[in-house]
Amino acid sequence: MADDRKPPGVYGVGEEPDPRFSLANERTALAWMRTALALVGGGVAIVSLASLSTLPSWAALVGAAACLGGAVLAVRAVTAWARVEVALRLRQPLPAPRALVALAGGVVVLGAFTLVLAFVEIARK
Amino acid sequence: MSPIPQRDALQPERTALAWQRTAITAMVVLVPLVLVTLKLRQPVLTALGAGAMVASVALVVSVHRRFGQLGDDSRGYSPHPPMLGVALVTVLGGLGGVTLGLTLWLR
């Protein structure tokens, strides 16, 4: 029977893996998606606070950066799911989770940027 | 198949719960975006956020369907289409936040 599942780039190659591995891959992608949603949620919360109170204008910029990071991470979650599923179907080693490094780096940079701006703001007052 | 059948049964349950958590998170995240854009009178962003919220409500409903599919090993299933839906909701919310943040910053 022909496999009509989408995307064909994933289901058109290799053999059906152990369903437990596919389900684990699905859950991992969903965990990434929730991380992306948390970034968007945090960013929206910062932007909301910046609009409703007297927070400095750069706070809105920090929120926007978090939202952008979340949006990129959501797309990345889908592409990473496809890469892992293809590796499972071809019985190949799983790709390295490079997004983890990018996520950690991004959070550190955003945190450091916010901290520096907060100190500058305190020093100005 | 696992030598312990009960463990096999927990995999679909955990996956369905992961979908449920993701869909609910998507719905909750967009609430402040819609409220703030309403207060700031940004109708385009409000419509964007509201559209994404409707999509995330549909995702919560579709989790029930996914749970039924998970119980049937004979049917092939691809999580790609609903996953694209979640990604779309997240990207819409993210772009809404970016637009709002930049608007406030440049004001």
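If you're wondering where the values come from, they're calculated on a predicted model, not measured in any experiment.

So, about the overall build of chain A. Assigned secondary structure in chain A consists of four helices and zero strands. What you see in chain A, going N to C, is helices and strands ordered as α-α-α-α. In terms of C-alpha radius of gyration, chain A reaches 20 Å, well past the compact-globule figure of 14 Å for 125 residues. Along the first, second and third principal axes, the C-alpha atoms of chain A reach 70 × 25 × 20 Å. Partitioning the contacts of chain A with sequence separation of at least 6, the portion at a separation of at least 24 is 72%. Split by element, the accessible area of chain A, about 6800 Å² in all, is 73% carbon and sulfur. Positive and negative side-chain charges in chain A, numbering 12 and 8 respectively, have mean positions lying 10 Å apart.

All names here are of chain B. Here the UniProt feature "transmembrane region" (unreviewed entry) sits at residues 18-38, 45-63 and 83-106. Secondary structure content for residues 45-63 is 100% helix and 0% strand, and the end C-alpha separation is 27 Å. Here residues 83-106 is 100% helix and 0% strand, with 34 Å between the C-alpha atoms at its ends.

This part takes up the side chain of serine 56 of chain B. Here serine 56 of chain B lies in helix H2 (residues 43-70). Every residue in contact with serine 56 of chain B, bar those within four places of it in the chain, is listed here: Ala23, Ala26, Met27, Leu30 and Val89 of chain B.

This part is about the interface of chain B and chain A. Taken together, the contacts link 42 residues of chain B with 36 residues of chain A. Interface area for chain B against chain A, summed over the two sides, is near 3300 Å², with a carbon-plus-sulfur share of 76%. Of all residues in chain B, Met83, Thr90 and Trp105 of chain B bury the most surface against chain A, accounting for 18% of the area lost on that side. The tally of links between chain B and chain A comes to zero salt bridges. Where the side of chain B that touches chain A is concerned, the elements lending two or more residues are helix H1 (5-39), H2 and helix H3 (80-106) of chain B. Residue contributions to the side of chain B that touches chain A peak at 17 residues, all from H3 of chain B. A per-class count over the side of chain B that touches chain A returns 24 nonpolar, 13 polar and five charged.

Let us look at the pattern of salt bridges. All names here are of chain A. Throughout the structure, instances matching the rule amount to five salt bridges over all chains. Put simply, glutamate 16 and arginine 5 hold a salt bridge, and the shortest N to O gap is 2.8 Å. One end of the pair, glutamate 16, is in the loop between helix H1 (8-11) and helix H2 (19-52); the other, arginine 5, is in the segment before H1, with 11 residues separating them in the sequence. Given a relative accessible area of 45%, glutamate 16 falls into the partly exposed group. You can call arginine 5 buried: its relative accessible area is 14%. Here arginine 124 and glutamate 121 are joined by a salt bridge, their closest N and O atoms 3.9 Å apart. Here arginine 124 and its partner glutamate 121 are both found in helix H4 (residues 98-124), three residues apart, which amounts to about one turn of the helix. On the basis of relative accessible area, arginine 124 is assigned to the exposed category, the value being 65%. Of the residues examined, glutamate 121 reaches a relative accessible area of 15% and is grouped as buried.

A word on the layout of surface pockets. All names here are of chain A. Computed from the structure, the second largest pocket encloses a volume of approximately 310 Å³. Lining the second largest pocket are 19 residues, with Asn25, Thr28, Trp32, Ala80 and Val84 positioned closest to its centre. For the lining of the second largest pocket, the secondary-structure elements that each account for two or more residues are H2, helix H3 (58-89) and H4. It is H3 that contributes the most residues to the lining of the second largest pocket, seven residues altogether. Partitioning the lining of the second largest pocket into residue classes produces 14 nonpolar, two polar and three charged.

Parameters at a glance
- Residues numbered from 1 in each chain as written.
- Chains lettered and ligands numbered in written order.
- Predicted model: local features only at pLDDT ≥ 70, side-chain atom pairs only at ≥ 80, totals over all residues.
- Heavy atoms only, no water.
- Helix = DSSP H or I, 4+ residues; strand = E, 2+ residues; numbered from the N terminus.
- Rg over C-alpha atoms; globule rule 2.2 N^0.38 Å.
- Contact = heavy atoms within 4.5 Å.
- Areas by Shrake-Rupley, 256 points an atom, 1.4 Å probe, with all protein chains shown as cover.
- Lys, Arg positive; Asp, Glu negative; His and termini not counted.
- Charge placed at Lys NZ, Arg CZ, Asp CG, Glu CD.
- UniProt positions renumbered as here; feature names shortened; annotations may be inferred.
- Buried area = accessible area lost by both parts, 1.4 Å probe.
- Salt bridge = Lys/Arg side-chain N within 4 Å of Asp/Glu carboxyl O.
- Nonpolar A, V, L, I, M, F, W, Y, C, P; charged D, E, K, R; others polar.
- Buried < 20%, exposed > 50% of the residue type's maximum accessible area, 1.4 Å probe, protein only.
- 1 Å grid on protein atoms, 1.4 Å probe; cavity = no way out; pocket = protein on both sides within 12 Å on 5 of 7 lines; lining within 4 Å.
- Points joined across faces, edges and corners; volume = space filled by probe spheres on them.

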